[in-house]
Structure formats: C-alpha cells, structure tokens
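Structural overview for review
Spelled out, the chains give:
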Amino acid sequence: MTLTCPRITTRDNGPTLSRIAAGMWRMTEWNMPVQERVAFIEQCLDMGVTTFDHADIYGDYGVEAVFGDALRVQPSLRGRIELVSKCGIKLISSKRPQHGIQHYDTSAAHIIASAEESLRQLGTDYLDLLLIHRPDPLMDFDEVAEAFSRLQQGGKVRHVGVSNFTRHQFECLNRRIALATNQVEFSPMVTTPMFDQTFDGLQDLGIAPMAWSPLGGGRLFSADDAQAANVRAVIQEIADRLQQPFLSVLFAWIMMLPSRPIPLTGTGRIAGIRDAVQGTAVELARDDWFRILRAARGHEVA
Ligand SMILES: NC(=O)c1ccc[n+]([C@@H]2O[C@H](COP(=O)([O-])OP(=O)(O)OC[C@H]3O[C@@H](n4cnc5c(N)ncnc54)[C@H](OP(=O)(O)O)[C@@H]3O)[C@@H](O)[C@H]2O)c1
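Residues numbered from 1 in each chain as written. Predicted model: local features only at pLDDT ≥ 70, side-chain atom pairs only at ≥ 80, totals over all residues. Heavy atoms only, no water.

Turning our eyes to something else, we now look at the pairing of strand S12 (residues 262–265). What you see with S12 is no split at all: Ile262 and Leu264 on one side and Pro263 and Thr265 on the other are buried throughout. Sheet topology places strand S11 (residues 210–212) next to S12; two bridges connect them, and they run parallel. Its bridge partner lying in S12, Met210 is registered against Ile262. (Buried < 20%, exposed > 50% of the residue type's maximum accessible area, 1.4 Å probe, protein only. Helix = DSSP H or I, 4+ residues; strand = E, 2+ residues; numbered from the N terminus. Pairing = 2+ DSSP bridges.)

Counted according to the given criterion, the structure contains 15 salt bridges. The shortest N-O distance in the salt bridge between Asp60 and Lys95 comes to 3.9 Å. On the criterion of sequence distance, the pair formed by Asp60 in helix H2 (residues 58–61) and Lys95 in the loop between strand S6 (89–90) and strand S7 (103–104) is long-range, its members being 35 residues apart. What makes Asp60 partly exposed here is its relative accessible area of 34%. Looking at Lys95, the relative accessible area reads 43%, which means it is partly exposed. Taken together, the salt bridges that share partners define one network made up of Glu237, Arg241, Asp287, Asp288 and Arg291. (Salt bridge = Lys/Arg side-chain N within 4 Å of Asp/Glu carboxyl O.)

Bringing the site of the ligand into the picture now. Taken together, 26 residues lie around the ligand, and Arg26, Asp53, Ser213, Gly217 and Thr267 are the ones closest in. His133 is positioned such that a nitrogen or oxygen atom in its side chain is 3.4 Å from an oxygen atom of the ligand. Measuring from an oxygen atom of the ligand, one finds a backbone N or O atom of Pro214 at 3.3 Å. Isolated, the ligand exposes 920 Å² of accessible area, and the fraction of that covered by the protein chains is 81%. Looking at the shell around the ligand, its residues break down into eight nonpolar, 13 polar and five charged. (Near = heavy atom within 4 Å. Polar contact = N/O pair within 3.5 Å; in protein donor to acceptor, adjacent residues only side chain to side chain. Areas by Shrake-Rupley, 256 points an atom, 1.4 Å probe, with all protein chains shown as cover. Nonpolar A, V, L, I, M, F, W, Y, C, P; charged D, E, K, R; others polar.)

The strand order around the closed barrel formed by eight strands is S3-S4-S5-S8-S9-S10-S11-S12, and the pairing between neighbours is parallel. Each strand of the sheet is rotated relative to its neighbour by a mean of 30°, with strand direction disregarded. Summarising the sheet, strand S8 (residues 127–132) and strand S9 (residues 157–163) pair through five bridges and their orientation is parallel. Following the sheet pairing, Leu131 is matched in S9 by Gly161. Seen against the sheet, helix H6 (residues 167–174) touches S9 and strand S10 (179–185) and runs at an angle of roughly 160° to S10. (Axes fitted to C-alpha atoms, helices over the stretch in contact; angles between N-to-C directions. Contact = heavy atoms within 4.5 Å.)

This is the structure in structure tokens:
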C-alpha cells in the first residue's frame, strides 16, 4: 500500500508540518554514510514525511551537522523539508568545554546564539520552528519572547514553540508570543499529558502538540514489566484483528486525541516510519482506544 502522509497546520498562522514527524535524536547512532542519510531523507519525503526534529544537543552536539552534511550533498532537499530544532539546555561535553555543570539557559543571548549555531550546523539560513527544550526555573517570559521575536524579524526562525512545558508555563509565554506547539513525551507508557491539562489546554487554544518517544524510547518493546507486556498484547490483538501493523495501531491511538498530537518517530528504519504513516489511515473504534488506555494504566476508567 502506498500512502502519502497527510499534513497538519499546528495553529492559526502556524507552521504546516507532516502529520508524522521524523525525530533525529538518534541519527548519529545509525552510522549511516552521508549518501545513506540523503537516501533516508528522500525516502521520508517520498512518503510525505517532510518534518525533521532536531535539537542543538542531539548526538552530543553532533546530529545537526551530520544531517546538515546530507543537505550540503543534496541542497535541493532544503526547500522540501521543515526543520525543527531546540535550544536552552547546556550539556557537559568535550565540544562545549566552557560548560562546568549541566544546566538550562533561556537567556536571550543563549537562545539567539544557539539558533545561529543550529543554522550553521544544518547549513541553512532559517529554521521552520525553534523550541525551548525544557522549562527553565530562571526563565524570564518577556526575555524569551523578545529573543524569539528578534529571530523571527531577522528571518532566522519562522515559528517558535516550546517543549516539556506545563499548561501554565505554555500559556504564560503564549500570551507574549504565538507559540506553534508544545512538544511533550506521550505514549501508552507515559500518558501524563492527557491528565495534567497539557493536552486539554492546547486543544482549547487550537494548538497541536508534538509527541516524543511514542514507543517510550523503545521500552514498549524491550521492557518486561506487566504494563509493557499488557500494552503489547492488547495492541497486537487489535492489529491482528484490523490486519494492520502493530505500529500503525499505536500511532493511530496517539493521533486520535482531539488535541491532534503530531507523533515523532525515533527509528532509523524506513519500514518503521512507513508503519507510522500507515497509522494516519487507521481509525480505531472507541472501545479499542480504551482497551489500550486500560492496558497502559492497569485499570478500568471509573
Ligand atoms: N523534546 C524532548 O525533550 C525530546 C526528548 C526525547 C526525544 N525527542 C524527539 O522524539 C523523537 C523520538 O523519540 P524516541 O527516539 O525516543 O522514539 P521512540 O519511537 O519512542 O523510540 C525509538 C527507539 O525504539 C526502538 N524501536 C523501535 N521499534 C522497535 C522494536 N520493534 N523493537 C525494539 N526497539 C524498537 C528504536 O530502534 P530502531 O532504530 O532499531 O527502530 C529506537 O531506538 C526523537 O528522535 C527526538 O526527535 C524529544
């Protein structure tokens, strides 16, 4: 079956992204020579997966350059993709010897310097979307909004957003500058955003979240605890009955939420991304959706 991934606009006047976005966190672990990276991106594009998720820190500050090398080899790719990146975490790294402790930095100076460095590494002159990676206790909402605004006015960043923010933190910053998304962890292994107002608040504002680690970072397959085993068995039963791949059912479960989460894949295997895309065409019955929730939480709804 050849299926093209649908597209989604995250909010009024927000970015239009592919309904499934490809996460690049693990790209340096895939050990792909540059031509394979080009082929990987092209195969994603053939399926309609055009959005690639990065952060300055991924791969010990290495993924953006590795991805950027593919764009340097095949420059025509840039106009066909959306690049998302993040800033605000400072890791201990031999690449950043000035960092004495792992910490957050959401000062305007760091946000702007980090975005400009992401542009250099990726070999592009704009990011489609820049996110603050984690909420920072020292974050000054006015200062972050001002830095975002300067990047937008300079044409370096088209849209801005956040990641791992609470509903309240999101709304504080969103009152100052239009945020395109809140990228949060969500899967049957981690269902918190459904119950802590994160998704409800975004639905109310008409803003689509992005969902990271949809397989719990692989724990859905590798963990041998009861929760993972139950979720696996229930999804497999539904997948067999619907004659759909396991992953398509899982991604459909995430996308069925009315806040319209955009799942991020984590795999370097094209087959895994294809199954995720196929999930955009799977409709789960309400009772099947709740079967997966029951397995995820280990109890019935009240
Ligand atoms: N904003 C944030 O704070 C944040 C945090 C973490 C991640 N992210 C983003 O979210 C993206 C996705 O996160 P993720 O990589 O954790 O996604 P994930 O889909 O939950 O986990 C991917 C991992 O699961 C493994 N996996 C997939 N299918 C498997 C199977 N059948 N059996 C065993 N293992 C399997 C993958 O290995 P294979 O490659 O072998 O398939 C990969 O190592 C990241 O790339 C990044 O862009 C954002």
